[in-house]
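# Inside the fold
Okay, here's what each chain looks like letter by letter:
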Amino acid sequence: MSAAAEAGLRRILAVVDLLIDAVDEDTLVPALLPLLLGAVPGDSIVWSPRAGSADRPLTLPAGLLTEDIRDAFARESADDCLVTHTTLGPGTPMRRSTLQTRGEFHALAAYADVYRPLGAEQQLAMSFPAGYAAGAPRTVCVAIGRGGSDFSDDDVAAAALLRTRLSRVLNRLAPPPPPSPVTRRESAVLALLARGLTNQQIARRLAISPRTVDKHLEHAYAKLQVGGRVAAANAWLTRERTAVRLAP
């Protein structure tokens, strides 16, 4: 292994060591950003929590994103293919140069208003699931910029390696909220649903309207974190079997 490869591996392992010891996201991320910039060398990094969080992006250098730059990004990012890949696509580590030519990049409105002021002539961006915030699933987007040479294949590989570990740790630090307890009437509806009864049959059995059955199921789906009748029935049967096994 060359000296450069050994140095790169040490920088990656420094990130991994920090992640292994992480116990709190608020202290993890500020310590993490400079290590990420060492593992995937760049001039700046933007760490942006998305869905489920009102947090502002964290940056290194600090204060990198002025209000004008943030406003311009909000207006113009919809036409940026790298942003689309990161926020709506698979989110795997991607160089801007893989998606568009230098001329196409410079023709973007966001180039003049966002990227050129940041000195980000070259960019590598990725996103990953990062647990829950305010009860909703959250995704974190990370963008690294540099003004000189483009990111290498080794940089992309390092980002991919770290992306998996970052997601795993943040999912651990921000787990989903515990499910709400199912009410007695919701339990009765679920028990009949698990026996294969239709909503109309459940309504007749419980002397309620089919619309009320729909409402009970809607609430129960959310509490069981499922999306439909079959999944709800399976989740309820699993819960009942677990309760029987745990009973004294």
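### Here's the deal with the sheet that holds strand 2 (residues 58-60)
Judged by pairing direction, the sheet is antiparallel, and its five strands sit side by side in the order 2-1-5-4-3 without closing on themselves. One side of each edge strand has no neighbouring strand; the edge strands of this open sheet are strand 2 and strand 3 (94-95). Here 10 bridges tie strand 4 (residues 122-133) to strand 5 (residues 136-146), and the two strands are oriented antiparallel to one another. Paired with Leu-124 across the strands is Ile-144, a residue of strand 5.

### What to know about unusual backbone geometry
The omega angle of the peptide bond from Leu-60 to Pro-61 is 0°, so this bond is cis rather than trans. Tracing the chain through its elements places Pro-61 in the loop between strand 2 and helix 3 (67-76). Even without being a glycine, Ala-207 presents a positive backbone phi close to 60°. As for its placement among the helices and strands, Ala-207 is situated in the loop between helix 10 (199-206) and helix 11 (210-224).

### What about the layout of surface pockets?
Gaps left between atoms show up when a probe the size of a water molecule is rolled over them. By volume, the largest pocket is sized at about 720 Å³. Taken together, 34 residues form the lining of the largest pocket, with Val-46, Ser-48, Phe-73, Val-83 and Ala-143 sitting closest to its centre. At the level of secondary structure, the elements contributing two or more residues to the lining of the largest pocket comprise strand 1 (44-49), helix 3, helix 4 (81-87), helix 7 (109-118), strand 4 and strand 5.

### Let's talk about empty space enclosed by the protein
Tallied over the full model, the rule gives one cavity of 30 Å³ or more. Reported here for the largest cavity is a volume of approximately 40 Å³. Going through the elements one at a time, strand 5 and helix 8 (153-173) are the ones with two or more residues in the lining of the largest cavity. For the lining of the largest cavity, the per-class residue count stands at seven nonpolar, no polar and no charged.

### Observations regarding the pairing of strand 1
Counting buried positions along strand 1 gives five out of six residues, so the element sits mostly inside the fold. Pairing between strand 1 and strand 5: six bridges, direction antiparallel. By the bridge assignment for strand 5, Trp-47 is matched with Val-142.

### A short note on the packing of aromatic side chains
Using the criterion set out here, one finds three aromatic pairs in the structure. Ring geometry for Trp-47 versus Phe-128: centroids 6.0 Å apart, planes at 65°, classification edge-to-face. Of this pair, Trp-47 sits in strand 1 while Phe-128 sits in strand 4, placing them 81 residues apart in sequence. Ring plane angle 50° and centroid distance 5.6 Å describe the contact between Phe-105 and Tyr-115, whose orientation is recorded as tilted. Residue Phe-105 is found in helix 6 (residues 102-107), and its partner Tyr-115 is found in helix 7; the two are separated by 10 residues along the sequence. When sorted by exposure, Phe-105 lands in the same class as Tyr-115, which is buried. Of the aromatic side chains, those joined through ring pairs into one cluster are Phe-105, Tyr-111 and Tyr-115. Its guanidinium or amino end placed over the ring of Phe-151, Arg-146 lies 3.9 Å from that ring's centre, counting from NZ or CZ.

### Here's the deal with the environment of Asp-155
Here Asp-155 is to be found in helix 8. Measuring from C-alpha to C-alpha, the distance between Asp-155 and Ala-39 comes to 7.8 Å, with 116 residues separating the pair along the chain. Those residues in contact with Asp-155 that lie beyond four places of it in its chain are Val-40, Pro-41, Leu-124 and Arg-146. Polar side-chain contacts of Asp-155 include one of 3.3 Å to the side chain of Arg-146.

The rules behind these values
- Throughout this description, residue numbers start from 1 for each chain and increase along the sequence as written.
- Under the rules for a predicted model, residues below a pLDDT of 70 receive no local features and side-chain atom pairs below 80 are neither given nor counted, while totals for whole chains, interfaces and linings still include all residues.
- Think of the side-chain values as coming from all heavy atoms in the structure, minus any hydrogens and water.
- Pairing between strands is defined by DSSP: at least two bridges between the two strands are required.
- Segments assigned H or I by DSSP are reported as helices when at least four residues long, segments assigned E as strands when at least two residues long, and all are numbered from the N terminus.
- Grid points spaced at 1 Å over the protein atoms alone were grouped into cavities, where a 1.4 Å probe fits but cannot get out, and pockets, open sets with protein on both sides within 12 Å along at least five of seven lines, with lining residues defined by an atom within 4 Å of a point.
- Grid points are joined across faces, edges and corners, and a volume is the space filled by probe spheres set on the points.
- Polarity classes work like this: nonpolar for Ala, Val, Leu, Ile, Met, Phe, Trp, Tyr, Cys and Pro, charged for Asp, Glu, Lys and Arg, and polar for all others, with Gly in that last group.
- Per-residue accessibility, obtained with a 1.4 Å probe over protein chains only, is compared with the maximum for each type, and a residue is labelled buried under 20%, exposed over 50%, and partly exposed between these values.
- Any two of the Phe, Tyr and Trp rings considered here, Trp counted by its six-membered ring, make a pair once their centres fall within 6.5 Å; the pair's planes then place it as stacked at under 30 degrees, edge-to-face at over 60, or tilted in between.
- Only Lys NZ and Arg CZ are tested; either one counts as a charge over a ring when it is within 6 Å of the ring centre and within 35 degrees of the ring normal.
- Whether two residues are in contact is decided by their heavy atoms: any pair within 4.5 Å suffices.
- Pairing of N or O atoms within 3.5 Å defines a polar contact, subject to two protein rules: one partner must be a possible hydrogen donor and the other a possible acceptor, and residues neighboring in sequence count only if both atoms are side-chain atoms.

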